[in-house]
Amino acid sequence: MRQQSAPVFVPEQGQAVVLPAADRSGSALYDEGWIQRLVHEHPAVLPIERIEPGFTRIVPVCQELPLRSGSLDNLLMTPDGNLVLVECKLWRNPQARREVLAQVIDYPKDLVRLDYEALEEAVRRARRDQSPLYRLADSDLDEATFVDAVARNLRLGRVLLIVAGDGITEAMQAIADYLQQHAGLHFTLALVELAIFDLRGHGRVVVPSIPLQTTNVVRGIVLLEDRPGVPVPTVHIMPPPDTAGSRRASNITEAEFFSALDARRPETSIRLLALVEKGQDIGLFIYVRKTLIVAFPTEGDRVRVLVVDQNGHADTSYVWWLQTDRSITIAYLEEMADAIPGALVRQTESPYVRFPDRPLSIWDVLDHGDAWLEAVMSYRAATQAAGQRSAA
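Residues numbered from 1 in each chain as written. Predicted model: local features only at pLDDT ≥ 70, side-chain atom pairs only at ≥ 80, totals over all residues. Heavy atoms only, no water.

**What about the overall build of the chain?**
Step number 1: Looking only at helices and strands, the chain has 12 helices and 16 strands in total.
Step number 2: The burial tally for the chain puts 49% of its 392 residues in the buried class.
Step number 3: Counting only contacts in the chain whose residues sit at least 6 apart along the sequence, the fraction spanning at least 24 positions is 61%. (Helix = DSSP H or I, 4+ residues; strand = E, 2+ residues; numbered from the N terminus. Buried < 20%, exposed > 50% of the residue type's maximum accessible area, 1.4 Å probe, protein only. Contact = heavy atoms within 4.5 Å.)

Here it is, written out as structure tokens:
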């Protein structure tokens, strides 16, 4: 059980003061409507960057969005078309604890049934004005690109759902268990606790936190095929590797990256995940930032054996800077080049594998995946042996 400590206000002069928790008993000041308005007017209270690193900024769009199963408390978006749904709950309310399990599934499911035009119309009804969704999202994209991005996220079921409230840990496991049964919808669920303290007549302090259990919701990687006429888009589920260095469960940023690769060559993501799954014995795992990184954990670090951009270019130079015994790195790069016909090791300040006339691609690696994996396993064994010699 995690305890929330009260913040301490330290003035320039005088004694430090422990801020009291806001007294919400019997008061409408801190009811669910207040939390809803707080999120809409101050979306910074949601620690989005810790939940979805690819969501650099969120913009409030509307409150009380009408959906088939009810009214969603808050809809927010990123300027590039990602969708954030927020449901506000006071967990001291028994009815909230009963209802939220159904709502966390119903709201994303209802939303992704809409197309762009239907979503824009629902937003206009909620706002009671005719503001275009494109303008509300404060997008830097051209309008056609923005519309396509939103439509694609709706079609593929990619949304971030946040349940925000005061002390959410009681129903957390029930929500996580319920989510396991609905992996076919590719949405990310996050539970955000908002602790509220009085600032001695000068406003309030809101302390957001993400309960530890929700930073790694235990579910598989769900890949979605965007094929006309396919009613259920789930095509592959793979549980994340159980290693200390493994990433958290698949998120929206990762799904978008996989889609970019699959748009260039269908089923790339399925082949890549299957190959990485074969390397789970050595802790091989994937995580996504601006690039997709294939790595394995080492003592206090991780070795990036392959870094892939959205165009499919594969960079092997990162291993050079993490290995003190450079002969081990050269041996790995040479074995990798031997595994991929026509490839060679380019000898530069940081050697890497490429072809004489073009860069290495992820498809070159996948076409010779088993041989590449053997090279990675040999490299892993060599690095472990080197570490044991250094420790001795």
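From this point, the discussion proceeds with the structure in view.
**Describing the pairing of strand 6 (residues 159-165)**
Step number 1: Burial within strand 6 is extensive, with seven of its seven residues counted as buried.
Step number 2: Side chains Val159, Leu161, Val163 and Gly165 of strand 6 all project onto a buried face; the interleaved residues Leu160, Ile162 and Ala164 project onto the opposite face, where all are buried too.
Step number 3: As paired strands, strand 5 (residues 83-89) and strand 6 are joined by six bridges and run parallel to one another. Within strand 6, the position partnered with glutamate 87 by the bridge is valine 163. (Pairing = 2+ DSSP bridges.)

**A short note on the confidence of the model for the chain**
Step number 1: Taken over all residues, the pLDDT of the chain has a mean of 77, while the share at 70 or more is 70%.
Step number 2: Ignoring residues within four places in sequence, the model shows residues 212-250, a span with pLDDT below 50, making 80 contacts including any to other chains. (pLDDT = per-residue confidence, 0-100.)

**Looking at the environment of isoleucine 58**
Step number 1: Within the fold, isoleucine 58 resides in the loop between helix 2 (48-51) and strand 3 (59-67).
Step number 2: The spacing of isoleucine 58 and aspartate 80 is 22 residues in sequence and 9.7 Å in space, taken between C-alpha atoms.
Step number 3: Those residues in contact with isoleucine 58 that lie beyond four places of it in its chain are Pro43, Leu46, Ile48, Leu76, Met77, Thr78 and Val84.

**Comments concerning the pairing of strand 4 (residues 70-77)**
Step number 1: A large share of strand 4 lies buried, amounting to six of its eight residues.
Step number 2: For strand 3 and strand 4, the ladder comprises seven bridges, and the chain directions are antiparallel. Of the residues in strand 4, the one forming a bridge with proline 60 is leucine 76.
Step number 3: As defined by bridge partners, strand 4 adjoins strand 5 across four bridges and the pair is classed as antiparallel. Considered in strand 5, the bridge of leucine 76 is made with valine 84.
Step number 4: Counted between consecutive antiparallel strands, the loop separating strand 4 from strand 5 contains five residues, among which glycine 81 sits at a positive phi close to 100°.

**Overview of the nonpolar core**
Step number 1: Leu284, Val305, Tyr332 and Trp372 are the most contacted members of the largest nonpolar core, which totals 41 residues.
Step number 2: Elements that contribute at least two residues to this core include exactly helix 8 (252-264), helix 9 (268-278), strand 11 (285-288), strand 12 (292-298), strand 13 (301-308), helix 10 (326-339), helix 11 (362-367) and helix 12 (369-391).
Step number 3: Counting residues per element, this core draws most heavily on helix 12, at six residues.
Step number 4: Apart from residues lying up to four places away in sequence, tyrosine 332 is in contact with Val305, Val319, Trp372, Ala375, Val376 and Tyr379.
Step number 5: Counting residues in each nonpolar core, the second largest holds 31 residues, with Val61, Met77, Tyr107 and Leu154 among its members. (Core = buried A, V, L, I, M, F, W, Y, C linked by side-chain atoms within 4.5 Å.)

**Here's the deal with the packing of aromatic side chains**
Step number 1: Overall, the coordinates contain five aromatic pairs when judged by the stated rule.
Step number 2: Aromatic side chains phenylalanine 296 and tyrosine 379 sit 6.1 Å apart centroid to centroid with 70° between the ring planes, which places their arrangement in the edge-to-face category. One end of the pair, phenylalanine 296, is in strand 12; the other, tyrosine 379, is in helix 12, and 83 residues separate them in sequence.
Step number 3: Each ring, one from tyrosine 332 and one from tyrosine 379, has its centre 4.7 Å from the other, and the planes form 20°; the classification is stacked. A residue pair is termed long-range when its members are at least 10 positions apart, and tyrosine 332 in helix 10 and tyrosine 379 in helix 12 qualify at 47 residues.
Step number 4: Judged by relative accessible area, tyrosine 379 falls into the buried class, the value being 2%.
Step number 5: Grouping aromatic residues by their ring pairs yields a cluster made of Tyr116, Tyr134 and Phe146.
Step number 6: Between arginine 302 and the ring centre of tyrosine 287, over which it is positioned, the NZ or CZ distance is 4.6 Å.
Step number 7: A cation sits over an aromatic face here: arginine 358 above phenylalanine 355, 4.0 Å from the ring centre. (Phe/Tyr/Trp six-rings, centres within 6.5 Å; stacked < 30°, edge-to-face > 60°. Lys NZ or Arg CZ within 6 Å of the ring centre and 35° of its normal.)

**Thoughts on helix 4 (residues 116-127)**
Step number 1: Given a rise of 1.5 Å per residue, 12 residues ought to cover 16 Å, and the 16 Å separating the end C-alpha atoms of helix 4 matches this to within 8%.
Step number 2: Within helix 4 the residues assigned to the buried category are Tyr116, Leu119, Glu120, Ala122, Val123, Arg124 and Ala126.
Step number 3: Count one or two residues on from helix 4 and you reach arginine 128, which has phi positive near 60°. (Expected span 1.5 Å × (residues − 1).)

**Topic: the side chain of serine 269**
Step number 1: As for its placement among the helices and strands, serine 269 is situated in helix 9.
Step number 2: The exposure class of serine 269 is buried, given its relative accessible area of 2%.
Step number 3: At 2.6 Å, the side chain of serine 269 and the side chain of aspartate 262 are in polar contact. (Polar contact = N/O pair within 3.5 Å; in protein donor to acceptor, adjacent residues only side chain to side chain.)

**Comments concerning the pattern of salt bridges**
Step number 1: In the structure shown here, the tally under the stated rule is eight salt bridges.
Step number 2: Its salt-bridge partner being aspartate 138, residue arginine 57 comes within 3.2 Å of it at the nearest N-O pair. Within this pair, whereas arginine 57 is found in the loop between helix 2 and strand 3, its partner aspartate 138 is found in the loop between helix 5 (133-136) and helix 6 (143-156), the two being separated by 81 residues in sequence.
Step number 3: Residue class for aspartate 138 comes out partly exposed when judged on its relative accessible area of 41%.
Step number 4: The shortest N-O distance in the salt bridge between arginine 127 and aspartate 129 comes to 3.3 Å.
Step number 5: Overall, the relative accessible area of 23% leaves aspartate 129 in the partly exposed class. (Salt bridge = Lys/Arg side-chain N within 4 Å of Asp/Glu carboxyl O.)

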